[in-house]
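Report on the structure
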Amino acid sequence: MPDASHGPAPRQLDVAIVGGGLAGLYAIHRLRGMGLRVRAYEAGSGVGGTWFWNRYPGARCDVESLEYSYSFSDELQQEWKWPERYGTQPEILKYINHVADRFDLRRDVQLDTRIKSALFDSKSSEWTLKTDSGEEVRARYCVMAAGNLSTPRVPDFKGIHDFKGKWYHTGLWPHEGVDFTGLRVGVIGTGSSGVQMIPIIAQQARHLTVFQRTANFSLPARNAPMEPERESRHKADYPARRRAAYDTPFAIGGYPRPTKSALQVSAEERNASYESKWQEGGSISYLYTYTDLLVNKDSNDTASEFARNKIRGMVKDQKVAELLAPKDHPIGTKRLCLDTNYYETYNRPNVSLVDVRSAPIQEITATGLRTAARDFELDAIVFATGFDAMTGALREIDVRTSEGAVLRDHWEGGPLTYLGLMVSGFPNMFVVTGPGSPGVKTQMIASIEQHVDWIADAIGHLRQHKLDRIEPTPQAESEWVEHVNQVADSTLYPLANSWYMGANIPGKPRVFMPYVGGFDRYKRHCDEVAAKGYEGFTLTRNATVPA
Ligand code: NAP
């Protein structure tokens, strides 16, 4: 009998899942299917993760919908109809809610619940998670599916609380929407979120001022209604297409693999190829023009310069065009944006671009914003300033063990993982699409499914062998981290100051976090590790716990 004076007994689970987004929901489905007691804890008041929170105008996926969707159920992928080439945020959220209902996932999701701490007890081989309302949950395994772009970041500007207008962050957008009609609006940030919202806000606002610190490359999305023949062609062959996508670096199928270096062809041929990719739309298509765009700077220069010339052609004021044309990083080494009328928006009379690299923002004032050059009067400010990416969500949870390991300390100099899936010293804690995983460099749902399947198989293996504990060896972890770095160093990615590097957060260690060796290579490697009896992991049975 639980002692009533100590509150209700902790809920007992086999697997506690942190997060009710695309990863958390699939984890419920997959693990519940093995007969495990599972429950996901979600901070939001609805399921959907990224797609629940990021409701800013123009929010849309930059991977085509027929690809950016779950593959685990052929019935699901056959029956769902995507209305456009690229899904809008409301459409994707509708899809996620449909999945939650169709597979009866909601009964194992606890909404409005943030996990504050997670403690592993070595004796019982069990995690105890504590929620923000003080509830305790015990589970043999813990799956961190908390997202990697889920900790919104507003820069620490002086004066923000004195601002008399309203301010917003793209990742915490009001559910009722925001009407900017007739307002003087400032948008800070020109990453994917800014690039998507700027053309829409420009149509509403009296005046829109965009404060740009670093110009980003953006390609035309060429979004359009879904063509019925294309949809039926794709669906007729869906499982094979998914398998083919798994054999590509980005886990996205349908693009013929390049065969030549950009330097093997004439300038005319190159430009004609880039032009045809530009017309086709989409980032993978463009980066797939040649084999070496992400590894050879000279090759990349040709693709970067083609895109810069496009910007010069689209933007009438050449001073503005030069500011918008990125020169500090090779194309594709920061997340390549996709847009609809982004550059053309700067030709509107009610839009101005302010370079806050040369004259940084100094403070938010009661009536707007002050840069080193001048004051701007604003009625509303939108922070499209990004996230504490990849490690933010996990660092916000106090993760520790009875042996004295503390995750924040373990990651002090940068995140350490084995395969991006587990952390040495933190047994039975799995991470989905975290640092060291290729997740953010791929069609994310493919990575989520691959990670969760791998985790489910590992748990199945432990149960089958009457084991109760798995953790990577410190050596396997450090070798993986070294490998992730070596692979990154063989590419052009480290040349960009991006959130891949933690460069957007002052004081964050500069470590290249995603695995950029390709989804295909990564998946093969994970499968081999499992086939070799979980090489690099220690699997044990804790004698004090009944199996
Ligand atoms: P982001 O790419 O990190 O961009 C943040 C922007 O804010 C950058 O332009 C950054 O400039 C600027 N910024 C940050 N702090 C600033 C400061 N103190 N002063 C001035 N400017 C500042 O964030 P995001 O646009 O939200 O996108 C994050 C990621 O989410 C994307 O890369 C993508 O993976 C994902 N996403 C995807 C989609 C999609 O599927 N279509 C849409 C949105 C987001 P610096 O570059 O100089 O730091």
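Cut-off values and rules
- Residues numbered from 1 in each chain as written.
- Predicted model: local features only at pLDDT ≥ 70, side-chain atom pairs only at ≥ 80, totals over all residues.
- Heavy atoms only, no water.
- Phe/Tyr/Trp six-rings, centres within 6.5 Å; stacked < 30°, edge-to-face > 60°.
- Buried < 20%, exposed > 50% of the residue type's maximum accessible area, 1.4 Å probe, protein only.
- Helix = DSSP H or I, 4+ residues; strand = E, 2+ residues; numbered from the N terminus.
- Lys NZ or Arg CZ within 6 Å of the ring centre and 35° of its normal.
- Domains from an automatic or database assignment.
- Buried area = accessible area lost by both parts, 1.4 Å probe.
- Salt bridge = Lys/Arg side-chain N within 4 Å of Asp/Glu carboxyl O.
- Polar contact = N/O pair within 3.5 Å; in protein donor to acceptor, adjacent residues only side chain to side chain.
- Nonpolar A, V, L, I, M, F, W, Y, C, P; charged D, E, K, R; others polar.
- 1 Å grid on protein atoms, 1.4 Å probe; cavity = no way out; pocket = protein on both sides within 12 Å on 5 of 7 lines; lining within 4 Å.
- Points joined across faces, edges and corners; volume = space filled by probe spheres on them.

1. As for the packing of aromatic side chains
Within a pair of aromatic rings, the relevant descriptors are the distance that separates the centres and the angle that separates the planes. Evaluated as defined, the whole model comprises 39 aromatic pairs. Ring geometry for Trp-278 and Tyr-286: centres 6.4 Å apart, planes at 75°, overall edge-to-face. Neither Trp-278 nor Tyr-286 differs from the other in exposure class; each is buried. A centroid spacing of 6.2 Å and a plane angle of 70° characterise the contact between Trp-278 and Phe-306, whose relative ring orientation is edge-to-face. Separated by 28 residues along the polypeptide, Trp-278 in helix α8 (residues 267-280) and Phe-306 in helix α10 (residues 297-314) bring together distant segments of the chain. For Trp-278, a relative accessible area of 5% puts it in the buried group. Here a set of aromatic residues connected by ring pairs shows up, and it is made of Tyr-26, Tyr-70, Phe-72, Trp-80, Trp-82, Tyr-95 and Phe-103. Here Arg-55 stacks its cationic end above the ring of Phe-52, 4.8 Å away from the centre of that ring. Stacked on the ring of Phe-376, the Lys or Arg Arg-374 has its end atom at 4.0 Å from the ring centre.

2. Notes on the domain arrangement of the protein chain
Assigned domains of the protein chain: these are domain 1 (9-151 + 389-540), domain 2 (152-216 + 344-386) and domain 3 (255-334). The gap between the C-alpha centroids of domain 1 and domain 3 is 33 Å. Approximately 1000 Å² of surface area, both sides summed, lies buried where domain 1 meets domain 3, with 54% of it carried by carbon and sulfur atoms. Linking domain 1 to domain 3 there are 1 salt bridge. Put simply, Arg-257 and Asp-520 hold a salt bridge, and the shortest N to O gap is 3.3 Å. Seen at the junction of domain 1 and domain 3, the total is 4 residue pairs in polar contact (both at pLDDT 80 or more). Across the side of domain 1 that touches domain 3, the residue classes break down as 6 nonpolar, 4 polar and 4 charged.

3. Observations regarding empty space enclosed by the protein
For the structure shown, the criterion picks out 5 cavities of 30 Å³ or more. By volume, the largest cavity amounts to about 190 Å³. What lines the largest cavity is a set of 16 residues, and nearest its centre among them are Phe-250, Ser-283, Ile-284, Arg-335 and Lys-441. When its residues are assigned to classes, the lining of the largest cavity shows 8 nonpolar, 4 polar and 4 charged. Here the lining of the largest cavity spans two domains, since at least three of its residues come from each of domain 1 (9-151 + 389-540) and domain 3 (255-334). If you trace the second largest cavity, you find it lined by Pro-415, Leu-416, Thr-417, Pro-435, Gly-436, Trp-480, Val-481, Val-484, Asn-485, Val-511, Phe-512 and Met-513. A per-class count over the lining of the second largest cavity returns 9 nonpolar, 3 polar and no charged.

4. Considering the layout of surface pockets
Remark: the empty space left among the atoms is shown by a probe the size of a water molecule rolled over them. Counted as a void, the second largest pocket has a volume near 520 Å³. Along its surface, the second largest pocket is lined by 25 residues, and Pro-249, Phe-250, Thr-291, Leu-294 and Val-516 are the ones closest to its centre. Broken down by element, the lining of the second largest pocket gets its largest block of residues, 3 residues, from helix α17 (residues 519-531). Per-class residue counts for the lining of the second largest pocket are 15 nonpolar, 6 polar and 4 charged. Here the lining of the second largest pocket spans two domains, since at least three of its residues come from each of domain 1 (9-151 + 389-540) and domain 3 (255-334).

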